[in-house]
Every structure is written in C-alpha cells, then in structure tokens.
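Notes for the structure review
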Amino acid sequence: MLDVLHQLGVGFLHVLAPVNFAALVVGLVVGMLVAVLPGLTLVMGVVLALPFTYGMSITPSIILLTAMYISGTYGGAITSILFRIPGEPMDVPLLWDGYAMAHAGQPAQALGWTLFAALTGGLITALVMVTLAVPFAQVALSFDSPEYFAIVLFGFTSVVALGGGSLANALISLFFGMLISTVGVDEIYGVDRFTFGTDILRDGIGYLPVMVGAYGLGEVLIRLEQGFVSPPLSGDGRIATRIPRLAEAWKLRGTFGRSSIVGVLCGVVPGAGATIASFIAYSVEAQYGKSRNLGSGIPEGIVAPQVASTASVGGHMVPLLTLGIPGSGATAVILGAFLLHGVQPGPQIFQTQALLVYAIFASVFLGVIGMGLIGYFAIRPLVKVLYLPEAIVSAFVVLFCLIGAYSEHNNITDLWMIVVFGIVGYLFERWRFPIAPMVLGCILGPIAESSYMTTMISYRNDWTVFFTRPVSATVMALSAAALLYPAYRGFRRRRAAALSASSIAP
Amino acid sequence: MNARLRALAPYLLVLAGAAVLLWKTYHFGFTPRGDRPGPDVWPRAILLLAMLACVVRVVAVLRHPRNPDPVLIRDVMDNALAEQERAAEAAQRYPWLLGIGIALTIAYVALLGTLGFAVDTALYLAAMIRTGRYRRWPVIAAVAVAGSLVFMFVFMKIVYLSLPIGRPPFDAVSLALMQLMGIR
C-alpha cells in the first residue's frame, strides 16, 4: 500500500508538469463544452480529440482524453437541469428531479447538488480505481486465453443485455461489428477474408473509422435529417451554483453510498456504461431510498444518477488498464490512443509503464477537482455555447471526423471508410439497431477471436476448457445469466400480460 | 411498402448479406493444419449467429406484427428512452437535407485530391452550413474561410500533418497560403 501511495505521489508530480497540466485543463474544458454543445456527444468529443494527440507524447494524450471523459459526465447535467435538454443519454434521469427542482425556483440548488454529486462520485471512483487496479492486475497476470475469451464474451453479453431496445437487434449489431473485425488478412493463416480482391480491405478495417463514422458523421446525418431543430431555451439567465452544506449532504449518505457502488460496478463490467449506471442508480434509489417522492424535484433524484455516472469512469479505467479491455466507447478511444503510441495496456503495464499509470490515476483525482472548479466558476460561459448555431457546429464536427481519419495514415481512402460507416450509423439509428454493440464487437472481436483460436490450439480443440477452469467457468455463467435473464423477464412479462388479458375477457 | 414489409426489410437485407458472406467463407483459400480450426471458423460462427438472430426477428414480426420489439432493461429506462424515441419519431424529417448532406460529404472526399484541402474545405463548410438551414451568408462565408485556414494552420503547422494541396491550378492557392503561413 505504501508503495502505491509513493507511486501515486510521483504521479501527482508528473501531472503537475506544465505540458501534462495543460492537457488536463484543456481536456476538462473541452469535455464540458462537448457535453453542453447541441448535437455533440461525449464519445464523439473524445473521438474528435484523438487526432490532436498524434503529435503529443503518451502521458498528456491519455490525460487529455481521460479529463474529457470525466468532465463530460458532468457537463450535460447543466443543460438537463436548466433547459430540459439532456446533453447525453446518461443525463435523462436528471430531467425528472433536477429540472423539477430548477423549475420550482431552485436552479442554483439543483446545480449545486449535481456538482457535489459529480465531485463525490469522481473522488470515490478515483479511490476505488487506485485500490482495485493493482490487485486486479496481479490476478490478471494468471489469466490464460480461456479467461480472456470468457471476459470478452461477458463484455459482449452485457452490452447486448444492458443496452436497452431489442435483444435481436443488439445481437445483430454486435455480430456486424465482430464481422468487420475479421476483414483483412488472417493473422494465423495469412489468408484474405472478405477483402473482395481490394487492397484497401487487405489491411482490415480499424475500429477508429467505424467509431468516428458511426458516432460522428452518423449522428450529424440524423440531426441534419431533422433540420437541426433544437428545443427552445427557456432559462432566465440568472445562473449560479449553490453547493449544499455538509450537514445536508450527510443526510443523503445512503444515496451517495448506493449510487457509488452501482457506478463503480457498472464501470467495471465491460459494456455497461455511464448511461446504464445512471438509470440503474435512479432505479435503485426509487426502490431502496428513504424518500418516496422521487421525480418531484428532490436531491436524492439528482444525486443518485450523477454520482453513478461519474463513478463509472474510474470503474471503466480498471479493465482498460489491467486487461486492455475497454468497456465503453470513450475508453475504446483511450485504448486507441495507447496503441497509437505503442503501449499495450494489460497486467504488465504496472511494471513496464508504472509512471504513466500512476500519472493517469493522479490525473483522475486532479481532474475531478478541476471539474468541480470549472463547473462552479465557468457555468455562465459554458451555457453561452448552447446558443451556437447547430449547423455551424455540425459542419465542423464532420470536418474533424474526416481530418481525424485522414491523419492516422495520411490516406484519402480512410475518408471513404468514414463516409461508409457514417451512412451505416445513420441506417442503424433509423432501423433501431444500437451502435454501441457494433463498436464494441469491432474493438473486442479480434481479442475474442485470437483468444478463442489460441485456446483451441493450446487445448487441442477441447472447448470444455472454458467451463472447467474456475475463473472462465464463473465468467461464462455470468454471461449466460446476462443473456438469459432478459429472455426470462420477457417471458414472464408476456405471461402476465396474457393472464391479465384472459381475466379481463368475459 | 406496407408496414410489415418495412419492419422486415432490414432483417431480410442483413440475412441476404450474411448468406453471401457465409458462402464466401467456404472459398477462403487455405491449407488446413492438422485439426486446428481454420480462418473460416470464426467468421462462419458469427454469420450463422447473425442469421439466427435475423430469423428470430423475422418470425417475431410475422407472428406478432403489432408487438413492439422486446425490451430488456429496467422499466424506468425503457420508458424514458421510449419517450425520447417517440419524440424523435414525431419530429419532422427532411430527407432531401440528408441526401444533400451525404452527397456533399462524398463530393468533399472525392474532390480533396483535386481542389486541395484549403479550397475544398472552405467550399464544403459553406455548403454544409447552408444545408443545415443557416441563412446568414456573410457569417457562412467568414466561418467557412476562417475555419478552413485555421484547420490548415493547426494541422499543417502545429500537428505536422501533410494535407492534400491539390492539382493545378488549385495547388497554387494551397502553396500561396502555405507560404503566407510559413508552412514548408
């Protein structure tokens, strides 16, 4: 433990170096702006920032993207509370109590509770991340290919099961992403797969063009089809934040505790992101909280989703750093930044890149505090960006997407990938196929395939090995439960509906 | 197109595409190595599972055409997201704007090598902002030109990215701007 604290101290000093500190501040401000701006999402923002990191060294790059990720979980709350415009899907639960409190004449209190919740959730997640990561990495060192396959499979099933919407659509989206990852020359046999004789496809399709296209261009196309119509802003211009007193906050300790646990757990599970954390925390609060007036503008309804969504960030960083498995869109981009700088996250990173890892940990602590300060003092200029015309913002978003794709290989053909996946992203949205499973399938597909093939080769095609090794068997069971529970729930719901219909019928 | 066919169309499309790709997996040219799984095993498994998911949805749509998609997550999230989806569905749509947006983006990529980054980007930004129904031409022109120049400066001078300069006569514009900005 002392060693961890010592390393963390060194990490703090490293973050305070001018370049790293500048990256932290810029990341916090841009992350908050991205979450506030209409038509831009947090993942989109992190994706768009990636090309700017090509020229940086790895530490400021990761600090910049992580800071954006942290502050992005708070920025969208401001517009939810003040204008009833959720900046991100994770901010939807804030409409129920946050907007209600603001509408009842207490916007400063609502903003204060949100900021305090984000700060608390962030600091708790940073502590948990530092505490969990090292033991997690030590356990992960003993993992073999069956365990990796089981964990990736669990990531797939959780993103499908927790993603909302149709199970079949989520699965099709996931399989589509996994299939994209098989395009190109096979690593073991050196055989062309789905290249159709074209050189462009022989190199494979990277997940960054898929992400940038689907999340960036796809989202702009959807908004363009709707004519960039934003809801009218209805704030009264007197924007301020009133932080709750400690005594007031202490009364809600149960809510803080429950929501932090939900947030961190949702973060650690690959595929369950801040949105899931936010909704589940609200739901848990509704079920187990003391207050029965959730939805009427009470602090519990603001604190629960906000603590959980910010707490999920640190949780996500644990599997990313210790296993090299990103659990969300934003951490997938951060993984991309690691790989672009030639660093492969995994259990060994604590030995090979200890300074970098602890600088990231320290940047999360400082980032959370910085987010609180910026959120408190810069709220008025932040809200001003809402008045930027969406047509202008969106045109620049597309341009960022295209330059981002171009700058990876200095190749115009990469731009065509963006266009193709932009249209795919649009069609997915129109046909109600969720995009997240496709992206996760594309990212984790190669890891799943290589760990499956390695297992088959190492264990002589004995597929039972996935169920006989304790860790992989447990994770496989969790995957099965993640898939079967929604089916069971759907069956029960249909049966209940059928029973009530038969009891109503004469 | 009737409602049922419209609901089935995406699944039939995916099914057909998956069937073609499945056929392709039987034609990967490789030499098997003992009892090791070949490079066709993994994609074939994915395609078969995707086809199975499509068949499940097709059967569900045919059996219960009025039933919405099975919904999975907790009710509170379902309702909130469904509300948002309904609002998005109810929003007025402008397919022609979408068509123009896609066409402009394709044209931008296609012309990048010919017009060069500066000219192509300024034109694209202006056209895209106008397509987004923003009508103040002086602002559009200023934003398009300034945006293009700022991007050029940042990416070529600071990030050291080699952006396309275009072919004659457009390369002259790019070269003049580069000289002006001190980009070598």
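Preceding block: the structure.
Residues numbered from 1 in each chain as written. Chains lettered and ligands numbered in written order. Predicted model: local features only at pLDDT ≥ 70, side-chain atom pairs only at ≥ 80, totals over all residues. Heavy atoms only, no water.

Topic: the overall build of chain B
As a reminder, the rule being used: Working definition: helices are DSSP H or I runs of at least four residues, strands are E runs of at least two. Numbering for both runs from the N terminus. Classification of residues uses two cut-offs on accessible area relative to the type maximum, computed with a 1.4 Å probe and protein chains only: under 20% is buried, over 50% is exposed, and between them is partly exposed. Pairs of residues are marked as contacts when any of their non-hydrogen atoms sit within 4.5 Å.
When helices and strands are tallied, chain B shows seven helices and zero strands. Starting at the N terminus and ending at the C terminus, chain B contains elements arranged as α-α-α-α-α-α-α. Taking all 184 residues of chain B together, the buried fraction comes to 41%. Pairs at least 24 apart in sequence give 58% of the contacts found in chain B among residues at least 6 apart.

Here we look at the nonpolar core
Residue and element names in this part refer to chain A. The condition that has to hold: For this analysis, a nonpolar core means a set of buried residues of the types Ala, Val, Leu, Ile, Met, Phe, Trp, Tyr and Cys, connected via side-chain atoms within 4.5 Å.
Of all hydrophobic cores here, the largest spans 216 residues; its most connected members are Met 211, Phe 338, Phe 350 and Phe 361. With 15 residues, the single largest contributor to this core is helix α4 (residues 58–83). Excluding residues within four positions of it along the chain, Phe 338 makes contact with Ile 58, Ile 62, Leu 320, Leu 321, Val 343, Pro 345, Ile 349, Leu 356 and Ile 360. Of all hydrophobic cores here, the second largest spans nine residues; its members include Ile 276, Ala 277, Ile 280 and Val 284.

Some remarks on the environment of Met56(A)
All names here are of chain A. As for its position among the elements, Met 56 is in the loop between α3 (42–49) and α4. Each C-alpha atom, one on Met 56 and one on Leu 320, is 21 Å from the other, the two residues being 264 residues apart in sequence. Not counting residues up to four positions away in its chain, the partners in contact with Met 56 are Ser 61, Leu 64 and His 341.

Focus on the interface of chain B and chain A
Definition in use: Accessible surface is computed with a 1.4 Å probe, and the buried area is the amount of it that two parts give up when combined, taken over both parts together. A carboxyl oxygen of Asp or Glu within 4 Å of a side-chain nitrogen of Lys or Arg is what we treat as a salt bridge. N or O atoms within 3.5 Å of each other form a polar contact, as long as, within protein, one can give a hydrogen and the other can take it, and as long as residues adjacent in sequence are counted only when both atoms are side-chain atoms. As a working rule, the residues Ala, Val, Leu, Ile, Met, Phe, Trp, Tyr, Cys and Pro are called nonpolar, Asp, Glu, Lys and Arg charged, and the rest polar, with Gly in that last group.
Of the residues lining the interface, 79 residues belong to chain B; the matching set on chain A comes to 79 residues. For the pairing of chain B and chain A, the buried interface totals around 7100 Å² over both sides, and the portion due to carbon and sulfur atoms is 76%. The closest approach of N and O atoms between Glu225(A) and Arg93(B), which form a salt bridge, is 3.2 Å. Between chain B and chain A we count seven residue pairs in polar contact (both at pLDDT 80 or more) in total. Sorting the residues of the side of chain B that touches chain A by element identifies α1 (3–25), α2 (41–63), α3 (75–90), α4 (95–115), α5 (117–131) and α6 (137–158) of chain B as the ones contributing at least two each. Among the elements that line the side of chain B that touches chain A, the one with the most residues is α4(B), at 12 residues. Here the side of chain B that touches chain A is built from residues that sort into 52 nonpolar, 14 polar and 13 charged.

Quick look at a nonpolar patch on the surface
All names here are of chain A. So the rule is basically this: Only residues whose relative accessible area exceeds 30% and that take part in no salt bridge are eligible for patches, with like-charged residues grouped when within 9 Å of each other and nonpolar side chains (Val, Leu, Ile, Met, Phe, Trp, Tyr) grouped when within 5 Å. Note that accessible areas follow from Shrake-Rupley with a 1.4 Å probe, and for residues the cover is restricted to the protein chains shown.
Judged by side-chain polarity, Leu 123, Ile 243, Ile 369, Leu 373, Tyr 376 and Phe 377 come together as a nonpolar surface patch covering roughly 550 Å² of accessible area. Considering each element in turn, the nonpolar patch owes the most residues, four residues, to helix α17 (residues 354–377). Mapping Leu 373 onto the fold places it in helix α17.

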